[in-house]
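Letter by letter, the chains look like this.
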Protein chains: 2
Amino acid sequence: MIYAEILAGGSGTRMGNTDRPKQFLMLGNKPILVHTIEAFLLNPRIDRILVVVPNVWLDYSKDIMNKYNVYTDRVHLVVGGSTRNETIMNGCRYIESQWGITDEDIIVTHDSVRPFITQRIINDNIDACLKYGAVDTVIPAVDTIVESTNNETITNIPVRKYYYQGQTPQSFGIAQLTSLYNALTEEEKDILTDACKIFTMKGHPVHLVMGEGYNIKITAMYDLKLANAILEGHLHD
Amino acid sequence: MIYAEILAGGSGTRMGNTDRPKQFLMLGNKPILVHTIEAFLLNPRIDRILVVVPNVWLDYSKDIMNKYNVYTDRVHLVVGGSTRNETIMNGCRYIESQWGITDEDIIVTHDSVRPFITQRIINDNIDACLKYGAVDTVIPAVDTIVESTNNETITNIPVRKYYYQGQTPQSFGIAQLTSLYNALTEEEKDILTDACKIFTMKGHPVHLVMGEGYNIKITAMYDLKLANAILEGHLHD
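These lines cover the structure that appears in this document, whether it is placed above or below. (Residues numbered from 1 in each chain as written. Chains lettered and ligands numbered in written order. Predicted model: local features only at pLDDT ≥ 70, side-chain atom pairs only at ≥ 80, totals over all residues. Heavy atoms only, no water.)

### Some words on the overall build of chain A
Phase 1 of the analysis: Counting its secondary structure elements, chain A contains eight helices and ten strands.
Phase 2 of the analysis: Over its C-alpha trace chain A gives a radius of gyration of 18 Å, about what one expects of a compact globule, namely 18 Å for 237 residues.
Phase 3 of the analysis: Projected onto the principal axes, the alpha-carbon positions of chain A cover approximately 50 × 45 × 35 Å.
Phase 4 of the analysis: In chain A, buried positions account for 56% of the 237 residues.
Phase 5 of the analysis: Taking the contacts inside chain A whose residues are at least 6 apart along the sequence as the reference set, 74% of them involve residues at least 24 apart.
Phase 6 of the analysis: Carbon together with sulfur atoms contributes 48% to the accessible area of chain A, which is approximately 10,000 Å² in total. (Helix = DSSP H or I, 4+ residues; strand = E, 2+ residues; numbered from the N terminus. Rg over C-alpha atoms; globule rule 2.2 N^0.38 Å. Buried < 20%, exposed > 50% of the residue type's maximum accessible area, 1.4 Å probe, protein only. Contact = heavy atoms within 4.5 Å. Areas by Shrake-Rupley, 256 points an atom, 1.4 Å probe, with all protein chains shown as cover.)

### Considerations on the pattern of salt bridges
It is possible for side chains of opposite charge to pair when their charged atoms get near one another.
Phase 1 of the analysis: One pass over the full model with this rule turns up 20 salt bridges over all chains.
Phase 2 of the analysis: In this structure, Glu186(A) engages Lys189(A) in a salt bridge whose closest nitrogen and oxygen atoms are separated by 3.5 Å. Here Lys189(A) and Glu186(A) lie together in helix H6 (residues 186–191), a separation of three residues that amounts to about one turn.
Phase 3 of the analysis: Glu86(B) serves as the salt-bridge partner of Arg93(B), at 3.1 Å between the closest nitrogen and oxygen. (Salt bridge = Lys/Arg side-chain N within 4 Å of Asp/Glu carboxyl O.)

### Some remarks on the interface of chain A and chain B
Phase 1 of the analysis: Chain A puts 43 residues into the contact, and the matching count from chain B is 43 residues.
Phase 2 of the analysis: Summed over both partners, the interface of chain A with chain B comes to about 4,000 Å²; 56% of that surface belongs to carbon and sulfur atoms.
Phase 3 of the analysis: For the pair chain A and chain B, the number of links is two salt bridges.
Phase 4 of the analysis: The residue Asp143(A) makes a salt bridge to Arg114(B) at a minimum N-O spacing of 3.9 Å.
Phase 5 of the analysis: Put simply, chain A and chain B have 18 residue pairs in polar contact (both at pLDDT 80 or more) between them.
Phase 6 of the analysis: Sorting the residues of the side of chain A that touches chain B by element identifies strand E7 (134–140), strand E8 (145–147), strand E9 (163–173), helix H7 (195–201), strand E10 (207–210) and helix H8 (221–231) of chain A as the ones contributing at least two each.
Phase 7 of the analysis: For the side of chain A that touches chain B, the leading source of residues is H8(A), giving six residues. (Buried area = accessible area lost by both parts, 1.4 Å probe. Polar contact = N/O pair within 3.5 Å; in protein donor to acceptor, adjacent residues only side chain to side chain.)

### Topic: the relation of the copies chain A and chain B
Phase 1 of the analysis: Least-squares fitting of chain A to chain B yields an RMSD of 0.0 Å, with the transformation described by 0.0 Å of translation along the axis and a rotation of 180°. Here the copies are linked by what is in effect a two-fold axis. Among all C-alpha atoms of chain A, that of Ala229(A) lies closest to the rotation axis, at 3.4 Å.
Phase 2 of the analysis: Interface overlap between copies is the fraction of interface residues in one copy that are interface residues in the other; for chain A against chain B it reaches 100%, indicating a shared surface. (Least-squares fit on C-alpha atoms with pLDDT ≥ 70 in both.)

### Some details on the packing of aromatic side chains
Phase 1 of the analysis: Tallied over the full model, the rule gives 13 aromatic pairs over all chains.
Phase 2 of the analysis: Seen from their ring centres, Phe24(B) and Tyr60(B) are 5.0 Å apart, and the 85° between their planes marks the pair as edge-to-face. With Phe24(B) in the loop between strand E1 (2–7) and strand E2 (26–27) and Tyr60(B) in helix H2 (residues 58–67), this pair connects stretches of sequence that are 36 residues apart.
Phase 3 of the analysis: Aromatic rings pair up to connect Tyr3(A), Tyr94(A) and Trp99(A) into one cluster.
Phase 4 of the analysis: Geometry around Trp99(A) places Arg48(A) over its ring, the cationic atom sitting 4.0 Å from the centre. (Phe/Tyr/Trp six-rings, centres within 6.5 Å; stacked < 30°, edge-to-face > 60°. Lys NZ or Arg CZ within 6 Å of the ring centre and 35° of its normal.)

### Considering the layout of surface pockets
Rolling a probe over the atoms, with the probe sized like a water molecule, indicates the empty space that remains.
All names here are of chain A.
Phase 1 of the analysis: Approximately 150 Å³ is the volume attributed to the second largest pocket.
Phase 2 of the analysis: Lining the second largest pocket we find Thr83, Arg84, Asn85, Glu86, Tyr181, Glu186, Lys189, Asp190, Leu192 and Thr193.
Phase 3 of the analysis: Of all the secondary structure elements, the ones that give two or more residues to the lining of the second largest pocket are helix H3 (84–99) and H6.
Phase 4 of the analysis: For the lining of the second largest pocket, the class distribution of residues is two nonpolar, three polar and five charged. (1 Å grid on protein atoms, 1.4 Å probe; cavity = no way out; pocket = protein on both sides within 12 Å on 5 of 7 lines; lining within 4 Å. Points joined across faces, edges and corners; volume = space filled by probe spheres on them. Nonpolar A, V, L, I, M, F, W, Y, C, P; charged D, E, K, R; others polar.)

### Some details on the pairing of strand E5 (residues 75–79) of chain A
Phase 1 of the analysis: Of all five residues that make up E5(A), four are buried, and the element is covered over most of its length.
Phase 2 of the analysis: Between the parallel elements strand E4 (residues 48–53) of chain A and E5(A), the chain passes through helix H2 (residues 58–67) of chain A in a crossover that is right-handed. (Right-handed = clockwise from strand over helix to strand, strands pointing away.)

### Here we look at the environment of Leu25(A)
Residue and element names in this part refer to chain A.
Phase 1 of the analysis: Structurally, the position occupied by leucine 25 is in the loop between strand E1 (2–7) and strand E2 (26–27).
Phase 2 of the analysis: Classification of leucine 25 by relative accessible area gives buried; the value is 8%.
Phase 3 of the analysis: C-alpha of leucine 25 to C-alpha of valine 113: the two residues are 88 residues apart in sequence and 9.7 Å apart in space.

### Describing the pairing of strand E4 (residues 48–53) of chain B
On a regular strand, each side chain points to the face opposite its neighbour's, so the side chains alternate between the two faces of the sheet.
Residue and element names in this part refer to chain B.
Phase 1 of the analysis: With six of its six residues buried, E4 lies for the most part within the structure.
Phase 2 of the analysis: Side chains Arg48, Leu50 and Val52 project from E4 onto one buried face, and the interleaved Ile49, Val51 and Val53 project onto a second face that is buried too.
Phase 3 of the analysis: Two elements, E1 and E4, share five bridges in a ladder whose sense is parallel. Bridging from a neighbouring strand, isoleucine 6 pairs with valine 51 of E4.
Phase 4 of the analysis: As defined by bridge partners, E4 adjoins strand E5 (residues 75–79) across five bridges and the pair is classed as parallel. Residue pairing for E5: valine 52 is matched across the bridge by valine 78. (Pairing = 2+ DSSP bridges.)

### Some details on the environment of Asp47(B)
Residues and elements named next belong to chain B.
Phase 1 of the analysis: Checked against the element boundaries, aspartate 47 lands in the loop between helix H1 (32–41) and E4.
Phase 2 of the analysis: Along the backbone, aspartate 47 and valine 75 are 28 residues apart, and their C-alpha atoms lie at a distance of 9.3 Å.
Phase 3 of the analysis: Excluding residues that lie within four positions of it along the chain, aspartate 47 makes contacts with Met1, Ile2 and Arg74.

### Points about the environment of Pro31(A)
Residue and element names in this part refer to chain A.
Phase 1 of the analysis: Structurally, proline 31 is set in strand E3 (residues 30–31).
Phase 2 of the analysis: You can call proline 31 buried: its relative accessible area is 1%.
Phase 3 of the analysis: A C-alpha to C-alpha distance of 9.7 Å links proline 31 and proline 115, two positions 84 residues apart in sequence.
Phase 4 of the analysis: Residues within four places of proline 31 in sequence aside, it is in contact with Gln23, Phe24, Leu25, Met26, Ile64 and Tyr68.

### Details of unusual backbone geometry
Residue and element names in this part refer to chain A.
Phase 1 of the analysis: Each neighbour pair has its own omega, and for threonine 168 with proline 169 the value is 15°, a cis peptide bond.
Phase 2 of the analysis: Among the secondary structure elements, proline 169 is positioned in strand E9.
Phase 3 of the analysis: In this model, asparagine 151 sits at a positive phi of 65°, which is unusual for a non-glycine residue.
Phase 4 of the analysis: Summarising the element assignment, asparagine 151 is placed in the loop between E8 and E9.

The structure is reproduced here in structure tokens:
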């Protein structure tokens, strides 16, 4: 089975004075979250879609998803966890409890606030994950990367061609992700805040899939304005 | 003396089918280059502004700058070099030949295709460069930074809080920059394509000044569309 997991567990504290987490803010004529769910609904290879939201926003999410007609038979609402990885794992636990997990099952995890994901990116994630078991979506670093471990002076300017900016989806074999996560100590869980890092730190290769510059993450008001400009077609070539 | 050097030496091959280097493309009602020159003209602390352009675009640049009234007494046109650093150094050689160089003289070098530079960023560059002698303008890395030395799998996911995205200006004591650059071997010149890297590799600290997310570099058509959206005020908070 091929699962999508849309991560809407965040409370969006960076957006400033809004009354709702950012995934619920309007982008064009519908909430950001609805755009993102639609992208996965449009892909026939995705068997089931989990939408993982904070407990206090469960009823609200259900209302929104019903209102915009994306709460279909393929879509399941799940309560998120206290961290990004705990939120991902709550989805895996839900899958295990509802349908069980086989070694062939994969999960395509995606930020709910990256609504411009394309079918090409989803398909590349599925293909690479079925083949390799762990996938990260990235774009080549646009700017020079500068390292400063003291926040005052440059400590290194690494070779840019080796650096990428991480996006999502991140896709994994569910059985292996679960096994690796459950073997982590509490200290490792604190450090390995990126699910791909769990694989790399444990010696499992994570393959790269190319994203798109416009597959942006909406975390601040600036991003929301940019997203509206992208949506209006100003920015697509 | 405080010099600004606007780097317009590039031929802009990434912009696709345009007949002019990207610094000459229109952004709103004037060329990108004119926006950038205006930002430095507006800062009274800048004594002289060098605009460094490819030899074949010298007459065209003069016409444009006259047409948009930015070819003032403070502005000097200089021919660029074959690389970014050679272009920067051509400006320093021009200064030396025209006015001489003292240990107090600094140069604020800036991409001509970053027209959204602010007075705050220019002033922070001047202040930090007068104090420390070498400055880079950066913003904290927005996305997770992913390292892949083989272009296929992740080789490292470094700690994001230590990483920044480089912008410009980069500002230097002119005498020290010249001295360091002239001591480089040809092989070092091939590797040290970023002027700040010359300082860091030779053990001279480069201090950080914070840029802005919207201080973007216009290198592709997508960026130009984004720049027009920024200009229209969609993206400023």
